[in-house]
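# Results of the structural survey
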Amino acid sequence: MSAYLKMRYAKLTSILCITLWVGFSHSAQAELRPFVAGSLPDILAARQNQPFLLVLWSLDCPPCLKELNLLADIRREHPQLELVTISTDDVDAIHEVREILDKQGLSDVESWVFSGPDAQRLRYEIDPAWYGEIPRSYFYNGEHERLAVSGALKRDQLKAWLETVQP
């Protein structure tokens, strides 16, 4: 084999390895989905008879970022915690949202980002009594009865809820 062919083969092998590595590293990430009218029923349907925590947050909300850090800690302690996040930022901020979720260790969590021209309509669809304050969380039990909480969650609050929904 000529030196040119060896170099070409090595280059192609490197490209293939990098491509596979990138593919495997992204496979650990959950897809960041656009949250549109009708998305909440999809989230609920995917968790029939299953308790979960729905957390709404934003890039420009410092308490939200602290809360994401707490949620990552709680998930390490309770890997069975079913968690869904929704960023109330516009879908144009999708790369920044992904970056924060990756940094916080939540890249494998089902995550959504507001998409569409009418954020108020999306908020109303989530909860007619919610006016957009964040952080905002919803504790869903197995029957999908929910408890809404405005403001940053606390560790003892999360632990107490986990004790009620997990065996």
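Above this note sits the structure.
Residues numbered from 1 in each chain as written. Predicted model: local features only at pLDDT ≥ 70, side-chain atom pairs only at ≥ 80, totals over all residues. Heavy atoms only, no water.

## Regarding the overall build of the protein
Where we set the bar: Elements are defined by DSSP. Helices are runs of H or I of four residues or more, strands are runs of E of two residues or more, and each kind is numbered from the N terminus. Using a 1.4 Å probe on the protein chains alone, a residue whose accessible area is under 20% of its type maximum counts as buried, one over 50% counts as exposed, and one in between counts as partly exposed. Pairs of residues are marked as contacts when any of their non-hydrogen atoms sit within 4.5 Å.
For the protein, the helix and strand inventory stands at 6 helices and 6 strands. Counting from the amino terminus, the protein carries its helices and strands in the arrangement α-β-α-β-α-β-α-β-α-β-β-α. Here the protein holds 167 residues, and the buried ones make up 38% of them. When contacts within the protein are restricted to residue pairs at least 6 apart in sequence, long-range pairs at least 24 apart make up 73% of them.

## Considerations on the sheet that holds strand β5 (residues 136-140)
In a beta sheet, neighbouring strands are held together by backbone hydrogen bonds and run either parallel or antiparallel to one another. Rules: When DSSP finds at least two bridges between two strands, those strands are taken to pair. Between N-to-C directions, angles cover 0 to 180 degrees, with each direction set by a line fitted to C-alpha atoms, over the stretch in contact for helices.
Read across the open sheet, the 6 strands follow the order β1-β4-β3-β2-β5-β6; overall the sheet is mixed. The open sheet has two edge strands with one neighbour each: β1 (32-35) and β6 (146-150). This sheet shows a mean twist of 20 degrees between the axes of neighbouring strands, independent of strand direction. Bridge count for strand β2 (residues 52-57) against strand β3 (residues 83-87) is 5 bridges, and the pairing is parallel. Each residue of the ladder has a partner; that of Trp57, found in β3, is Ser87. Helix-sheet contacts for helix α3 (residues 62-77) involve β2, β3 and β5, and the interaxial angle to β2 is about 155 degrees.

## Looking at the pairing of β5
For β5, a buried count of 5 out of 5 residues is recorded, marking the element as mostly surrounded by other parts of the structure. Going residue by residue along β5, you find Arg136, Tyr138 and Tyr140 tucked away on one face and Ser137 and Phe139 tucked away on the opposite face as well. As judged from the 5 bridges shared by β2 and β5, these two strands associate in the antiparallel manner. Its bridge partner being in β5, Leu54 is matched across the sheet by Tyr138. Pairing of β5 with β6, which is carried by 5 bridges, proceeds in the antiparallel orientation. Bridging across to β6, Phe139 finds its partner in Leu147.

## Topic: the state of the cysteines
Condition: Cysteine sulfur pairs qualify as disulfides if the two atoms are within 2.5 Å.
Scanning the model with the defined rule gives 1 disulfide in all. Shown here is the disulfide that connects Cys61 with Cys64, its sulfur atoms set 2.3 Å apart. Sign of the S-S torsion, about 80 degrees for the bond between Cys61 and Cys64, identifies this disulfide as right-handed. Residue classification places Cys61 among the buried positions, given a relative accessible area of 6%.

## Focus on unusual backbone geometry
Residue Pro135 is bonded to the preceding Ile134 through a cis peptide linkage, with omega at 0 degrees. Within the element layout of this structure, Pro135 appears in the loop between α5 (119-126) and β5. Despite not being glycine, Asn49 shows a phi value in the positive range, around 60 degrees. Structurally, Asn49 can be placed in the loop between α2 (39-45) and β2. Not every positive phi belongs to a glycine, and His144 is a case in point at roughly 65 degrees. Here His144 shows up in the loop between β5 and β6.

## Here we look at the side chain of Ser39
The condition is simple: N or O atoms within 3.5 Å of each other form a polar contact, as long as, within protein, one can give a hydrogen and the other can take it, and as long as residues adjacent in sequence are counted only when both atoms are side-chain atoms.
One can find Ser39 in helix α2. A distance of 2.9 Å separates the side chain of Ser39 from the backbone nitrogen of Val36, its partner in a polar contact. Every residue in contact with Ser39, bar those within four places of it in the chain, is listed here: Pro34, Trp112 and Glu125.

As far as function goes, none of this settles anything; it's purely spatial.
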